[in-house]
Structure formats: C-alpha cells, structure tokens
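# Observations on chain architecture
Okay, here's what each chain looks like letter by letter:
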Amino acid sequence: MDLRQLRYFVGIVQAGSLSRAADQLHVAQSAISHHLASLESELDRQLVTRGPKGILLTEAGGVLYRHAEAILRQVEIAKQDALSAQNVASGRVSIGFPVALASLLGYELLVRIRKSYPQILLHLTDANSALLRERLVNGRLDMAVLLLEQPERGLAVEPLVVEELFYATADHDNSPISLAEVAKLPLLVPGPGSGIQRAAQEAFDKQGLTVTPIGECDTMNTLRRLVASGIGNSIMTWCALHDGDPKIVVNHRAFADVKLQRTVSLCFSEVGLRSPAFEAVALTLKALVCEMIESGAWQGATLIVPDAEPSASPARGGGPKPDSAGRSHSFAAAINRKMKNGNGHRKGRA
C-alpha cells in the first residue's frame, strides 16, 4: 500500500466512478483499476461495489477511505510545513461551521485570509454539529466551530462565545414569555442531538414541564419559514433568526424566567498537527469574533474571555499573528478588554 494507491482510491470514492476519477486525476482508467485491484488483493477485502449509478463503498472500503483521507491530509500538512519554514503561512486549511454561523463568519473570514494570507487556500463548509464533529475527528476538517463547552475525547476545545436562545414566533408581542407559556404552545424543534433541543429540554425538565413538539426540522431556512407562517413556534439563536431569506420575518421574545444559552467553541483534533497556516486561520477567526460582538454585528452573544491567550503549539514554537490588514483588533488585544454583549444592529442583514 502506497500513497499513490491511496490517492487513487480516495479519488474513486469522491468522483463516484472509475472513469470520472481517471479524468479528474489525469491518468488512464486502466491504471486506476489496476491500483484498486492491488489494494483489494493486499487487504483481501472488496472495497467498492459497482452499480448502475456508480460505485458504493463496502464496510471495509469505508474504513479505509476514512484512514486514507487522514493520511493524505497529514502528508499535505507536512508539505505545507516545509514550504512554511520561513514563516510564510501557506497551504490548504479546512474549517467547518454550524449552518447559522456559516453566513455570519464564513464570508468575512475568507475575505480576511485572502487579503492577509494569499498563499492559504481556505476551505469552508457548513453542516450540523454532529457531522462536523465526525469530520473533525476523522481528519477531514482541520478545525470546526462546534457547540461544545468542555473538551471531549479526541478534541481540544477553546470556548469563544456564549449565545442566548430566544423564543421565535410569528406573533408581534415583544414582551418576555415564561417557559410554562411556551410549553402550552405548538413547538417546532431541531432534531435529536441538537444543542438547542438539549438546552430547552433541560430547562423544561427543571420546571417539571412536559412538551411534545409538533415537528422536528434541521433545515434552518425551512424552520424559519414554518415559524413565520404560524404553523408553530421555535427556540433559536439571534443568528438563526436573521439568517437566510430576508423576506421571511420572524419575531423573537426573551424568556422571562430562564436564561437559555449555548457555548460556541473553536475545536480541533488533539492529535492533529498545527501548521503556521492553521494558526493564522485560528487567530484571524478569533479576532473576527471579538470585533463582531463588540460592534454589535453579532447580537445575543457574549465574548468568553480566557484566563490567558491560548499559546501556540509547542511543536511549532508559535504561529504567525494576523497583521493589521483587514481588521482593527487582534485577539490578544480583544481579550484584555471588557466583555460586551452585542446590542446594536447587525450590519448588512435584514
């Protein structure tokens, strides 16, 4: 088993067929087939099955695919580190966001990285937290913004902000609402495993309230549309309330007798290598988060001030700090200022 075989195998899986993989990898299909057969022979396992709609991974193939992606990523990081030996951050860095935060942070992050670190290729993706966590642990992401408060096995967790949760409704009443009132009204919630559903259920349980949701929806824009139409109400963050189609208007009310919150953290694998490019992206994101909260562009969020600025990986001896281009504050400076709740108007949003 060698790197070429692994690259070809990953290429086959991602392309969905041997012919498309050959085209994308610029090699003959016979070479692709030969290397796949060699892998299957060496492992004495069938890795893919061929059907009318392309190839499908077997169980053994799925295991190998996850390892192959992680191995190839580590090889790429090694190459990037060698190229960055003179403190020039370069190479590919992938970062995942929960859907509601992707539009808030993703665009500006890519703009700043492109301006300050043109040799970094930033890959952005969004998904639900469970999927992002799986991709991070499997090495398919370098870092991810997850709804975690405490470190988990295999993950390093740096808390960034605490987000407040609001009651989302189509009615025009802006007064605070009690949890008992919420329990009596039709409620739509994200699916099982959602941090919002978990926080809400814990709050209902503490007050001895029983709630039977009328539906579950993980698609944020659809959930907003359902709430706006009056089919049901929901519990959302400020970002989710104002994301998506500006024609969909949803009102929100604070909770009168409980403070529903969730922690947003920057997470990365405990065993992953941190290249200079990795450090540059992480520091730029932290600076961006500070600015958005302090300017009021991210409402309902409170900055978590760490005891001390997270140090760079000892193996690296420190990563590059974001320069002043494209931002007015560094993370190191921001953490020494007083925490602020976002209470202005979000710029450029409906």
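Everything in this summary refers to the structure shown in the same document. (Residues numbered from 1 in each chain as written. Predicted model: local features only at pLDDT ≥ 70, side-chain atom pairs only at ≥ 80, totals over all residues. Heavy atoms only, no water.)

### Some remarks on the overall build of the protein chain
Along the protein chain, the regular secondary structure elements total 12 helices and 12 strands. When the 350 residues of the protein chain are sorted by exposure, 49% land in the buried category. In the protein chain, the share of contacts with a sequence separation of at least 24, taken over all contacts with a separation of at least 6, comes to 75%. (Helix = DSSP H or I, 4+ residues; strand = E, 2+ residues; numbered from the N terminus. Buried < 20%, exposed > 50% of the residue type's maximum accessible area, 1.4 Å probe, protein only. Contact = heavy atoms within 4.5 Å.)

### Overview of the environment of Phe 97
On the secondary structure map, Phe 97 appears in strand β3 (residues 91–97). Given the relative accessible area of 1%, Phe 97 is considered buried. Excluding its chain neighbours within four sequence positions, the residues that come into contact with Phe 97 are Ala 102, Leu 105, Gly 106, Leu 109, Leu 124, Thr 125, Asp 126, Ala 127, Leu 132, Val 145 and Leu 285.

### Regarding the pattern of salt bridges
Inspection of the entire model under this criterion finds 10 salt bridges. For Glu 158, the salt bridge identified is with Lys 286, shortest N-O distance 2.5 Å. In this pair, Glu 158 sits in strand β6 (residues 155–169) while Lys 286 sits in helix α11 (residues 276–295), placing the two residues 128 residues apart along the sequence. Here Lys 286 falls in the buried class, since its relative accessible area comes to 5%. Linking Asp 173 and Arg 253 is a salt bridge whose minimum nitrogen-to-oxygen distance equals 3.2 Å. With Asp 173 in the loop between β6 and α7 (179–184) and Arg 253 in strand β10 (residues 251–253), the pair connects residues that are 80 residues apart, well separated along the chain. Overall, the relative accessible area of 36% leaves Asp 173 in the partly exposed class. Owing to a relative accessible area of 7%, Arg 253 belongs among the buried residues under this scheme. Through salt bridges that share partners, Glu 108, Arg 112 and Glu 291 make up one connected network. (Salt bridge = Lys/Arg side-chain N within 4 Å of Asp/Glu carboxyl O.)

### Examining helix α5 (residues 99–116)
With 18 residues, α5 should cover 26 Å at 1.5 Å per step; its first-to-last C-alpha distance of 25 Å lies within 8% of that length. In the structure, α5 departs most strongly from a straight axis at Leu 105, where the bend amounts to approximately 40°. Residues of α5 that are buried include every one of Ala 100, Leu 101, Ala 102, Leu 104, Leu 105, Gly 106, Leu 109, Arg 112, Ile 113 and Ser 116, and no others. (Expected span 1.5 Å × (residues − 1). Bend = angle between axes of the 7 residues up to and from the residue.)

### Some words on the packing of helix α1 (residues 3–15) against helix α2 (residues 18–25)
Relative to each other, α1 and α2 sit at 120°, their axes nearing to 8 Å. The angle between the axes of α1 and α2 places the two elements in the oblique class. Considering how the two elements wind past one another, α1 and α2 form a crossing that is right-handed. Where α1 abuts α2, its residues Arg 7, Tyr 8, Gly 11, Ile 12 and Ala 15 lie against Leu 18, Arg 20, Ala 21, Gln 24 and Leu 25. For the contact of α1 with α2, the residue count by class is 6 nonpolar, 2 polar and 2 charged. (Axes fitted to C-alpha atoms, helices over the stretch in contact; angles between N-to-C directions. Parallel < 35°, antiparallel > 145°, perpendicular 65-115°, else oblique. Left-handed = near helix turned anticlockwise from the far one by under 90°. Nonpolar A, V, L, I, M, F, W, Y, C, P; charged D, E, K, R; others polar.)

### Things to note about unusual backbone geometry
Most peptide bonds take the trans form, and the phi angle of most residues other than glycine is negative. At His 26, a residue that is not glycine, the phi angle is positive and equals roughly 60°. Within the fold, His 26 resides in the loop between α2 and α3 (29–43). Residue His 26 is classed as exposed on the basis of its relative accessible area, which comes to 71%. Located in the positive-phi region is Asp 44, a residue other than glycine, with phi close to 55°. Tracing the chain through its elements places Asp 44 in the loop between α3 and β1 (48–51).

### Comments concerning α3
Helix length check: α3, at 15 residues, gives a terminal C-alpha distance of 21 Å against a target of 21 Å (1.5 Å per residue), a fit within 8%. Regarding α3, the residues found buried are Ile 32, His 35, Leu 36, Leu 39 and Glu 40. Here the buried residues of α3 occupy an arc of 135° about the axis, which is enough to place them on one side. Across α3 from its buried face, at more than 90 degrees, point the exposed residues Ser 30, His 34 and Ser 41. (Arc of directions from axis to C-beta.)

### What about the side chain of Glu 158?
Among the residues examined, Glu 158 registers a relative accessible area of 14% and is labelled buried. At 2.5 Å, the side chain of Glu 158 and the side chain of Lys 286 are in polar contact. (Polar contact = N/O pair within 3.5 Å; in protein donor to acceptor, adjacent residues only side chain to side chain.)

### What about the pairing of β1?
In this sheet, strand β2 (residues 54–57) lies alongside β1 in antiparallel orientation, the contact comprising 4 bridges. What sits directly across from Thr 49, in β2, is Leu 56. (Pairing = 2+ DSSP bridges.)

### Notes on the packing of aromatic side chains
Inspection of every chain in the model, using the stated rule, returns 2 aromatic pairs. An angle of 65° between the planes, with centres 6.5 Å apart, marks the rings of Tyr 167 and Phe 255 as edge-to-face. Placement of Tyr 167 in strand β6 and of Phe 255 in the loop between β10 and β11 (261–269) is noted, with a sequence separation of 88 residues between them. You'll find Tyr 167 and Phe 255 in the same group, each marked buried. Ring centres of Phe 268 and Phe 278 lie 6.0 Å apart, and the angle between their planes is 85°; this geometry places the pair in the edge-to-face category. Residue Phe 268 is found in strand β11, and its partner Phe 278 is found in helix α11; the two are separated by 10 residues along the sequence. You'll find Phe 268 and Phe 278 in the same group, each marked buried. (Phe/Tyr/Trp six-rings, centres within 6.5 Å; stacked < 30°, edge-to-face > 60°.)

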